[in-house]
Structure formats: structure tokens, C-alpha cells
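# Working through the structure, step by step
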Amino acid sequence: MKKIAIDFGSGVTKIYMSGCGVVLMESTCIAVEEYVERGEKRIGVKACGDKARALSGRAAVNTRIINPVAEGDIVNEELAAALLEYFLEKIEIPYKKAKRTEAIFILPCGVKREVRKKYVNLAESCGLGSVCYTQTPFAAVLGHNVEIGESTPVFSIDIGHAITNIAAFSQDGIISGLSVNLGGGNIDVHLIDELAETRNIKIGGQTAERLKNTVGSLLDDDNKMTEVDGRELSSGAPASVTVYSGQIYEVITTYIDKILEYAVLVISKLPAEVASSIMHGGVYLSGGLMKMDGLADYIGAKLKIPVNLTEEPQLAAVIGGGTILASDALLDKLATVDD
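Here's a quick rundown of the structure. It should be emphasised that the depicted structure is a prediction, and the values quoted were computed from it without experimental measurement.

Attention now goes to the overall build of the protein chain. Helix and strand counts for the protein chain stand at 12 helices and 18 strands. On C-alpha atoms alone, the protein chain measures out to a radius of gyration of 21 Å, which is about the 20 Å that the 2.2 N^0.38 rule sets for 339 residues. Along the first, second and third principal axes, the C-alpha set of the protein chain runs to 65 × 55 × 30 Å. In the protein chain, of all internal contacts separated by at least 6 residues, the share reaching a separation of at least 24 is 65%. Total accessible area on the protein chain stands at roughly 15900 Å², and carbon and sulfur atoms take up 47% of it. Of the charged side chains in the protein chain, 33 are positive and 44 negative, and the gap between their average positions amounts to 6 Å.

What follows is the structure, encoded as C-alpha cells:
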């Protein structure tokens, strides 16, 4: 039986397969084409994953780019199933073989039962056999290749595209934690608005994401620069501007500081002994945004605790999900099966 961990994120889907490692990382989006057949409106799938993402901003009028997952919730179950089936086929788990596959979904901290039920339905639609789920903080810390003890608590911040998970926990469960609808996608949207307001240029979502990933930095003396292309708002003509790290610093810190306010709130609810342990052990950081220069040190300085950063923070949660799936003891403690 194959064993896979699935991080079906709002921005990117990652799948880990036992014995193989991370076997898929693609955009969680699907391109659908609207057409009329026999007088009725119909929708057909045009492209999935990265191929659909590449059509964003370039698609024909009758083509829409849809993300079936938003802030940890499945908002379009039919398209989510079509997209996950596509991903499973890419890793050689077609529907007829899916029954012999054991899967664990990595879901936000404190996810509600009705949302979990949607993932159960999704698994059934794709023909997956045994299915369970775990919460992001558990998986993210295990993705650092550290043990989660029964009595020694750990603290995790995982910043995703649309949701951030913050929690202090041990093997016995979450002591204090939450998920908030803030992430790297908020920064992208703010960058689009910022350049429109201050530089008179309209850029798309993919350009904003590249800008964030290329020159985004929280180092005080960073002076990276890049050219971004778009459309001049006043004339509509093609245009390009040069953007430096310092010019988008405040856009980034607006959201990081808000996330850290929630982190302080989580810490403030901890018993004194737990808080003391975390102050010594530090915070485990994960999520693609953590690759940004200076971000880990910025978080450590703001929270006044040590930081732990893995080499590939964007993969920490899905790797940790695979770790849980490979251990009966961890499955018993950190995974849940819904009826």
C-alpha cells in the first residue's frame, strides 16, 4: 500500500510519498471553460495546476481561473476533486489504484468538523482508501526532523499563502493555538495596490508574487532591485518600473507584524511553565514565506525568542505529514479519523 501526505493549500498543493519524498508541488488552481451546449451553459476543465496558473491574466474571455481551496476550506468540492485526481494521476495513483493508498491530509489548526467532512468527501471522490488528517502545527514541527515529546512543549508558526497557523503543543495536543486568515497572498494583493497608487502601474498577481519573492527582504540594509512590467494606469500603455527592497519593506511588515500580534496572544495564554520552556526552545518556523531574507531574524527579534528554520520551510508540513503516516505511535497521537 502506498502512503501519501497531502497539503492541499490555498496557493500550492504538495504531496509527499513514503519512500520517495516530495513528489508533487503545483499551484492549487484549475482553469475552466464556459460554453453552451444544446442551449445550456456548461463548464469544462481546460487546465490544472501550474498549467492553469500560467493562464492567469492571459486566458480567453470564456475561461476562468478558480482556486477550489480558500483559507483551508474546500469552496468548490467538484473542482477540488477534479484537481486532486489530476495531481494523483501525475504521481501514478490513478483512480483504479487509489483504493490501495493510505493518505493523511494536513489541515489548519482548530479546523471545524464540517470542513473536515469536506476532505473526507474529497478523498472518497478520488477513490482514496484509508484517510485521516492532522493539524498543520504538528506536521510542520516534525518536518524540522525533531521529536515532539509528551511533556516538552514546542511552538510553531507556519505562514502559508492564505492562512497562518500558530500553536504551542506537545504530543498530548494543542495547549494554545489558532489559525488566522493572513499569509503571503495578502502581501501580493497589497503590492498590486501599492504600485498602482505610488507608481501608476497595474501589475498582475503572478508579477506581485515574483516581486515579493525576488526583492522582498526584512534586512535593514538590503538593496536588491528588479524590473516589473505592467500597464500604465493613466494611459493604458505597457510600462515597467524598478522596485527596490526598501520600497516594499512596509508592505511586508504590515502583515508580519499582524501575524506576530496573534503569536503574542497565543503565548500570553500559556501556563508559566510552558511559556518558559518555549522561550528556551524557540519557535519553529515554516511556510514558503520563511525563505525571505531576514524574516526569521525579524520574527525572533520581535518575539524575543530563538528561531528554528529548516532548509526547505515550504515543505516542512508535508514532510512532517509523511513522518506521522510512517509511525503508528504518531498516528495514534497526532492523527484523527472522522466518520
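Together, Lys2, Lys96, Lys97 and Arg100 give the surface a local cluster of positive charge. Its location among the elements puts Lys97 in helix H3 (residues 95-98).

The subject of this paragraph is the packing of helix H8 (residues 249-268) against helix H10 (residues 295-303). Running from N to C, H8 and H10 cross one another at 45°; their axes reach a closest spacing of 11 Å. Relative to H10, the element H8 is oriented oblique. Seen along the crossing, H8 lies across H10 with a hand that is right-handed. Across the interface between the two elements, Tyr249, Thr253, Ile256, Asp257, Leu260, Ala263 and Val264 of H8 pack against Leu295, Tyr298, Ile299, Lys302 and Leu303 of H10. For the contact of H8 with H10, the class distribution of residues is nine nonpolar, one polar and two charged.

Criteria and cut-off values
Residues numbered from 1 in each chain as written. Predicted model: local features only at pLDDT ≥ 70, side-chain atom pairs only at ≥ 80, totals over all residues. Heavy atoms only, no water. Helix = DSSP H or I, 4+ residues; strand = E, 2+ residues; numbered from the N terminus. Rg over C-alpha atoms; globule rule 2.2 N^0.38 Å. Contact = heavy atoms within 4.5 Å. Areas by Shrake-Rupley, 256 points an atom, 1.4 Å probe, with all protein chains shown as cover. Lys, Arg positive; Asp, Glu negative; His and termini not counted. Charge placed at Lys NZ, Arg CZ, Asp CG, Glu CD. Patch = residues over 30% accessible without salt bridge, like charges linked within 9 Å, V, L, I, M, F, W, Y side chains within 5 Å. Salt bridge = Lys/Arg side-chain N within 4 Å of Asp/Glu carboxyl O. Axes fitted to C-alpha atoms, helices over the stretch in contact; angles between N-to-C directions. Parallel < 35°, antiparallel > 145°, perpendicular 65-115°, else oblique. Left-handed = near helix turned anticlockwise from the far one by under 90°. Nonpolar A, V, L, I, M, F, W, Y, C, P; charged D, E, K, R; others polar.

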